[in-house]
Every structure is written in structure tokens, then in C-alpha cells.
Amino acid sequence: MKKVYILKVSVLDALNNIKKREGGNGMGKYLCSICGYIYDEAKGIPEADITPGTLWEDVPEDWVCPLCGATKEEFIKQGESATTAENKPISVIELSSDMKELSPLEMSALCTNLALGCEKQYKLEEASLFTKLAEYFKKAAAPAKEPKFDNLLELIENDLKEGFPNANAIASNEKDRGAMRALVWSEKVTRILNSILSRYEKEGDALLDNTGVYVCTICGYVYIGNTIPDICPVCKVPNWKFEKIEGR
């Protein structure tokens, strides 16, 4: 079913916007920081009932990127820096030399990732063993104490504000290109998860009604909809690498 957005701007207002900006700095363009999609104020998105000349601030707040599903918060105006924070020096977190015991749930996540890594290298026997270990640790994990939606969002936002900048700083200092590439994918996937959770907080279960949930088996990108993109917006693999999440 096609989603119709209610615009705060009339066709006449949109035409006036174009005329005003033709005499100034021109209409703006906004870049999706996850997939690279560009919203051009001058062109709008007629197929989504967003009239040419619609300013970015007049695009409905519940509008999402047509390619990856990111919210407006993940867009950056072209020609401007993303945030002033990017220009500030990043202090690398000093790592403790003390060993920390992983929780059963952390061990389950680690074994799951190792299983996927083995699978990609066609080491199916090792992948099967790591999968069994992941299931074992998952069953041994204690239920979360008073889980709250806000706590999950807070953890994700902390990763985006502190975790990724510091991890990128360390990888850059060590000139570890493999880690830097993995961090690019991981940060984009985390941003899309943040967008999805923010949307779910506002829309509730209606976000998932009569639609599918798919995950890219290479980078972890999550897509909500019935027609998955031809290629993953994050890691660019073909869409046959997506798996549908069942049993919701």
C-alpha cells in the first residue's frame, strides 16, 4: 500500500520557494548518511506526492529515505559539515588491562558472529559448532532486569556519539584499513537500527503491520517493507543475500 504524506506546503508555496532561492543560494540538496540517496528540494519526489520546490523543513517528519528507510535525522545538507562535533579532536578511550568476563548473552553474540564468519569461508563444520555454542549460551542467559525501550535507545545513541568515534580513532591510529571498513558498515547499520527504533517508538506495532522484515546476512542492515532493494544500501551485495525474519 502506498503511503501518502501530508505536506505543509502548497503547490503555489513550492513555486515561490523555487523563485526565492533562484535569486539566492539556490534550492538545497540533502544527503542520506546511510545509503547516499539525495533529496533535491528543486525536484521534490512527485511519485511520493512531495511537490517540486518543497523545502526540507516542509518534508513531513514521518518521511523516510525511499532507498534505506532512514529518518530525516540521518540526512546531511550538502555543502555543510554533518555536525560541529566532527571538527573536535576525539580523545581515544584508554583501554583497561584487566580481563572482563563476558556475560552468556555476549558469548552467544560472539559465537553467532564467529559462526557467520566460518560460513562465509565455507567452514561449515566449524560454523555448526559455533552455532550450537551460541544457542547454549543464549539459553544460559538470565532474563533482562526491567528491560526498557528507552534504555536500548540510550545504548545505541551512546555508541554513535562515543563508541564509534573512538573505535574509528583507534583504527585510524593503527592504520587498520580492515577495521575502518568494518566500522563504516557497522555504524551505518547502527544508524538504521536507531531510525527503526525511533519510528517504532512513535508508530508502535503499526510499523510492522502487513509488511516484511528483512536482514542483510553480510552487514546486518535491516529493511522493513515488502519490496527489498535490488542491492543492500550499506554493503552493496545483491538482495538475494537478504533473509526474511519469521516468527514475529
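Each value, and the rule that gives it
- Residues numbered from 1 in each chain as written.
- Predicted model: local features only at pLDDT ≥ 70, side-chain atom pairs only at ≥ 80, totals over all residues.
- Heavy atoms only, no water.
- Salt bridge = Lys/Arg side-chain N within 4 Å of Asp/Glu carboxyl O.
- Helix = DSSP H or I, 4+ residues; strand = E, 2+ residues; numbered from the N terminus.
- Buried < 20%, exposed > 50% of the residue type's maximum accessible area, 1.4 Å probe, protein only.
- Core = buried A, V, L, I, M, F, W, Y, C linked by side-chain atoms within 4.5 Å.
- Contact = heavy atoms within 4.5 Å.

Asker: Please clarify how the pattern of salt bridges should be interpreted in this entry.
Answerer: Two side chains bearing opposite charge may form a pair once their charged atoms approach each other closely. Here the structure, examined in full by the defined rule, presents 5 salt bridges. Here glutamate 187 ties to arginine 191 by a salt bridge, and the two come within 3.1 Å at their closest N and O atoms. Remark: arginine 191 and glutamate 187 occur in helix α5 (residues 177–203); sequence separation between them is 4 residues, near one turn of the helix. Between glutamate 203 and arginine 199 there is a salt bridge, with its nearest N and O atoms 4.0 Å apart. Of this pair, glutamate 203 and arginine 199 are both found in helix α5, 4 residues apart, which corresponds to roughly one turn of the helix. Glutamate 203 sits in the partly exposed class, given a relative accessible area of 31%. Relative accessible area serves as the criterion here: at 15%, arginine 199 is assigned to the buried category. Each member of the salt-bridge network shares a partner with another, and the members are Glu74, Glu187 and Arg191.

Asker: Just to check I follow, could you spell out the nonpolar core for this structure?
Answerer: The tendency in soluble globular proteins is for nonpolar side chains to be buried side by side. By size, the foremost hydrophobic cluster in this structure holds 34 residues, and its most contacted members are Cys32, Tyr37, Cys68, Tyr221 and Cys232. Listed by contribution, the elements that provide at least two residues to this core are β1 (29–32), α5, β4 (213–216) and β5 (222–224). By residue number, the principal contributor to this core is β4, which donates 4 residues. If we ignore the near neighbours within four places in the chain, the residues touching tyrosine 37 are Tyr30, Leu31, Cys32, Ile45, Trp63, Cys65, Pro66, Leu67 and Phe75.

Asker: Could you clarify how one ought to interpret unusual backbone geometry in this entry?
Answerer: Across the chain, the bulk of peptide bonds are trans and the bulk of non-glycine residues have phi less than zero. Despite not being glycine, aspartate 49 shows a phi value in the positive range, around 65°. Locating aspartate 49 in the fold gives a position in the loop between β2 (38–40) and β3 (75–77). Unusually for a residue other than glycine, lysine 236 sits at a positive phi of about 70°. Its place among the elements puts lysine 236 in the loop between β5 and β6 (242–244). Judged by its relative accessible area of 46%, lysine 236 falls in the partly exposed class.

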